[in-house]
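A look at the structure
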Amino acid sequence: MVMFTLRRFLQLIPVFFGATLLVYFLVFATPGDPIAALSGGKPMAPAVQAALRAQYNLDQPFWIQYGLYLKNLVTLNLGQTFSGQDVSAVIGRAYPVTARLAFMALAIEAIFGVLFGVIAGLRKGKLFDATVLVASLVVIAVPTFVLGFVLQLVIGVQLGWARPTVSGAAPWNELILPALVLGLVSLAYVIRLTRASISENMNADYVRTATAKGLSRGRVVLVHILRNSLIPVVTFLGADLGSLMGGAIVTEGIFNVPGVGNLLYKAILKGESATVVAVVGILVIVFVVANLVVDLLYAWLDPRIRYV
Amino acid sequence: MRYSRTSKALGLAAVLAMSITACGGTSGGNNTSAAANTSKAITANGTEPQNPLLPANTNEVGGGRVMDLIFSGLVSYDVHGKTVNELAQSITTTDSQHYTIKIKSGQTFSDGTPITAKNFVDAWNYGAAAKNAQLNSYFFAPIKGYDKVSADKSTLDTMEGLKVVDDTTFTVDLTAPESDFPLALGYTAFYPMPESAYKDIKAYGQNPVGDGPYKLAPGGWKHDTSITLIPNDKYQGPNKPKNGGVTFTLYSSPDAAYTDVQSDNLDVLDQVPPSGLQNFKTDFKGRFVNQAYAGNATMTIPSYLPEFKGEAGQMRRQAISMSIDRQQIIDKIFYGNKKVATEFTSPVLDGYDANLPGSDVLKYNPTKAKELWAAADKISPWPAGKVFTITSNIDGAGNKEYITAMANQIATTLGIKAQLNPIATFKESRNLINSKKLTGASRAGWQADYPSLQDFLGPLYGTGAGSNDGDYSSPAFDAKLKEGLAAKSVDEGNKIFNQAQEILLKDLPVIPLWYQAVQGVWSNNVTNVEFGWNGVPLYYNITAK
């Protein structure tokens, strides 16, 4: 198990460099001149343009640009944005907010998703099951921005129960609404996955054996059925954590959350390689770690799975 | 005013597209039921400044909003864009080329150090020098010696045209007469910086000490979140704050800000998002403004296009102009919130003339358009199957819709193919325009940096000028421009600039479309909200209830 974990971390190294190289190249290859765009169509003195180009190594060929970037990375210098701020500082502000939002959304998905899924799975074909199925279908069908604007208007503006937008520090309580919007679609998927998995396992041999042994209904459901049914759900949640940490441009925009999604979007539009690569680099690490945790959870959930 | 990054990225013309109904301004009445509270702070929308807060490095609205409150210059602009002396005691010249500037004595920066003539000279030299790479450097171009300090790799740091005479007097020598030079002196680039700034300019850019009605609160700039300003008690000028401070909440989209004003979480919003254009007047009864500001939208037809050269080209440009039903686009796409352009500048400026001879070419006239197009075809036929394209970035709301509509009108009227050439990002479209690689027209527009007719003409249509994207060159126009700049007074200059516009109306280097307007709304918690000539609220006059 320790070896397995170690091996996975070693795999991170080529993945990280491969991904940053690719992303750096993609930003490099997008057409347009980021420095000329800085002046927004107004004139800019040629010497100023030249000085700025040199400052961001934009006057160098691709390999030298990337090499210089890597060289700085070794000294933990992520470079500077076009506004002259350290990328590390910018990311340091945005990531905690996105992380809070992602974990809240994930918690909503996991808790309510599994709960509703289990109940629906156990009462297959009953009223609750049917209601949950229809409701989840509706949620999946409605685009996130519609959900976001509607909840913002109803809860934030008309009822006044919550601030319609998130204030600067993005405290936990103000993030509930955006986290709910962000988590709802995945919630629907988790419900459906759990339900399908539960209802399938209900007829498994080991469940019949457990029941025959005279175990209580609660123990059978929680320990035997649920634990074995969680594998697909955990896989889904692991992957979802990755995408949530990548920021949610739409939801962040609606609720004015100062998170990673907007940062990344703006950086791509501006052609700010340093920011884009840094965000993606962190994302790569998040994805790899999330996948590793999921794999380790498999072994815990299903004793038949062993890692050496 | 400088450009807005969002709106540029999102498309200057359309997003700021907030736009007008009437250029006169239809401000709603103020509700003054509660007593004003001058010690209470107000909140307003903002965006993260794109650059450190240095006068010569701030060229977009996010930073500009803040800079214009924490600094004041030699002159300032009143609500109508009239230039009034602020720190200047007098600005005198006999030939519009050599200026003597006297500043009022006893004025100080917010840290208490006196403002001297040297502070201006040093700040301007700093802004101009190539080694400092300041974005507004080109504003100092008229000053003698600019060419040397701004040359690539130049290590010089003073311009010979600036001379300190004594503590309160300095002289400015320009390379050529410029009658509207005093008008520019209220622009951000020309603000003074205290001596202490140069010790650590990087730290100063994060926490500037200025001389304006407000100052940055300690730790007031919380990046990507908010910027808090408090009144500067050392300020002695005309714009004394009537509130206890301004906090800019930084938004990534105007939609979120609009929702916040609706629920009284934000006090003032100066940019109603496109989604609110239809309803803001009913959503904010008596709490909105809709007025023209110094900006316009145009379409550039580059002179290097083979189909638009010579006499045929001129007729074609006129035909295209007459085939656009501007009012219809304004009504259908902008909900009436703009005003049809009748010339190349803006109605809020001194010297504006709505009825210049030749302005008929900007009126919708399909019959005449067809005739002109046919006449042009006789001289040199329009290539068979050639599509007339209009290039625009589409990474923001609004551009795509109106340009598609415009292309359809042109196609229908002239019987040719016309369409939008969509470009994904602003930087990419800028690249196409700068490298002169367009194969058709392109979306354009201008916002004034300072209230001057000339600012809408010289930088855009003068031969070889910095923003002359279409490479327009007319000796007659250049001569008029020069004559206007050498005029003895601004008024006299404006008359000549309008004659220069008559030349443009014949040549149509760009096709003027409409004037921009600002749509602003405010919450129930504030009163006395007024917007200035540049579409920016007069924050210092707003009072909290």
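Residues numbered from 1 in each chain as written. Chains lettered and ligands numbered in written order. Predicted model: local features only at pLDDT ≥ 70, side-chain atom pairs only at ≥ 80, totals over all residues. Heavy atoms only, no water.

What follows covers the overall build of chain B. When helices and strands are counted, chain B shows 17 helices and 19 strands. Against the compact-globule benchmark of 24 Å for 545 residues, chain B has a radius of gyration of 23 Å, which places it among compact chains. Once the C-alpha set of chain B is aligned to its principal axes, its extents read approximately 70 × 55 × 40 Å. When the 545 residues of chain B are sorted by exposure, 61% land in the buried category. Of the contacts formed within chain B by residues at least 6 apart in sequence, a portion of 72% connects residues at least 24 apart. Accessible area for chain B stands at about 19,000 Å²; split by element, carbon and sulfur atoms hold 52% of it. Chain B carries 49 positive and 52 negative side-chain charges, and their two centres are separated by 3 Å. (Helix = DSSP H or I, 4+ residues; strand = E, 2+ residues; numbered from the N terminus. Rg over C-alpha atoms; globule rule 2.2 N^0.38 Å. Buried < 20%, exposed > 50% of the residue type's maximum accessible area, 1.4 Å probe, protein only. Contact = heavy atoms within 4.5 Å. Areas by Shrake-Rupley, 256 points an atom, 1.4 Å probe, with all protein chains shown as cover. Lys, Arg positive; Asp, Glu negative; His and termini not counted. Charge placed at Lys NZ, Arg CZ, Asp CG, Glu CD.)

The UniProt entry lists residues 95-298 of chain A under the feature "domain: ABC transmembrane type-1" (unreviewed entry), expressed in the numbering used here. Its end C-alpha atoms 28 Å apart, residues 95-298 of chain A is made of 81% helix and 0% strand. (UniProt positions renumbered as here; feature names shortened; annotations may be inferred.)

Quick look at unusual backbone geometry now. For A:Asn256, which is not glycine, the phi dihedral falls at a positive 50°. The class for A:Asn256 is buried, based on a relative accessible area of 7%. Residues other than glycine seldom take positive phi values, yet B:Asp264 does so here, at roughly 60°. Residue position: B:Asp264 is located in the loop between helix 8 (254-262) and strand 11 (268-269). Overall, the relative accessible area of 27% leaves B:Asp264 in the partly exposed class.

With that settled, the discussion passes to helix 8 (residues 176-201) of chain A. Maximum bend of helix 8 of chain A: about 40°, positioned at A:Leu184. Within helix 8 of chain A, 19 of the 26 residues are buried, which leaves the element mostly enclosed by the surrounding structure. (Bend = angle between axes of the 7 residues up to and from the residue.)

Before going further, it helps to spend a moment on the nonpolar core. By size, the foremost hydrophobic cluster in this structure holds 144 residues, and its most contacted members are B:Trp124, B:Met299, B:Ile320 and B:Phe388. Broken down by element, this core gets its largest block of residues, 7 residues, from helix 4 (residues 117-128) of chain B. Residues in contact with B:Ile320, not counting those within four places in the same chain, are B:Met299, B:Ile301, B:Phe308, B:Trp373, B:Phe388, B:Ile410, B:Leu414 and B:Ile511. Listed in part, the 86 residues of the second largest apolar core include A:Ile108, A:Leu263, A:Val276 and A:Val286. (Core = buried A, V, L, I, M, F, W, Y, C linked by side-chain atoms within 4.5 Å.)

A separate point is the side chain of B:Gln409. Residue and element names in this part refer to chain B. Considering the arrangement of structural elements, one finds Gln-409 in helix 13 (residues 399-414). Accessibility expressed as a relative area gives 12% for Gln-409, which makes it buried. Within the local environment of Gln-409, its side chain forms a polar contact with the side chain of Gln-328, the two groups lying 2.9 Å apart. Excluding its chain neighbours within four sequence positions, the residues that come into contact with Gln-409 are Ser-323, Ile-324, Asp-325, Gln-328 and Ile-329. (Polar contact = N/O pair within 3.5 Å; in protein donor to acceptor, adjacent residues only side chain to side chain.)

Here we come to the UniProt feature "transmembrane region" (unreviewed entry) in chain A. Residue and element names in this part refer to chain A. Taken from the UniProt record, the annotation "transmembrane region" (unreviewed entry) applies to residues 12-30, 101-120, 132-155, 175-193, 229-255 and 275-301. For the annotated span residues 12-30, helix accounts for 95% and strand for 0% of the residues, and the straight-line distance between the end C-alpha atoms is 27 Å. The straight-line gap between the two end C-alpha atoms of residues 175-193 is 26 Å; of that span, 95% is helix and 0% is strand.

This next bit is on the interface of chain A and chain B. Interfaces are often sized by the amount of accessible area the parts lose when they come together. In this complex, chain A contributes 45 residues to the contact, which on the side of chain B involves 47 residues. Of the roughly 3,700 Å² buried between chain A and chain B, counting both surfaces, carbon and sulfur atoms make up 56%. Its largest share of buried area at the contact with chain B, chain A owes to A:Lys42, A:Pro43 and A:Leu269, together 17% of the area lost on that side. Where chain A touches chain B, the interface holds 1 salt bridge. (Buried area = accessible area lost by both parts, 1.4 Å probe. Salt bridge = Lys/Arg side-chain N within 4 Å of Asp/Glu carboxyl O.)

What follows deals with the sheet that holds strand 4 (residues 88-93) of chain B. All names here are of chain B. Read across the open sheet, the 4 strands follow the order 4-5-7-6; overall the sheet is antiparallel. Every interior strand has two partners, whereas the edge strands, strand 4 and strand 6 (162-166), have only one. Each adjacent strand pair in this sheet contributes to an overall mean axis angle of 20°, direction not counted. With 4 bridges joining them, strand 6 and strand 7 (residues 169-173) adopt antiparallel strand pairing. Each residue of the ladder has a partner; that of Asp-166, found in strand 7, is Thr-169. Helix-sheet contacts for helix 4 involve strand 5 (98-103), strand 6 and strand 7, and the interaxial angle to strand 6 is about 170°. (Pairing = 2+ DSSP bridges. Axes fitted to C-alpha atoms, helices over the stretch in contact; angles between N-to-C directions.)

Residues and elements named next belong to chain B. Strand 1 (residues 42-46) sits mainly inside the fold: 4 of its 5 residues count as buried. Relative to strand 10 (residues 246-250), strand 1 is paired through 5 bridges, and the arrangement is parallel. Counterpart to Thr-43 in the pairing with strand 10 is Thr-247.

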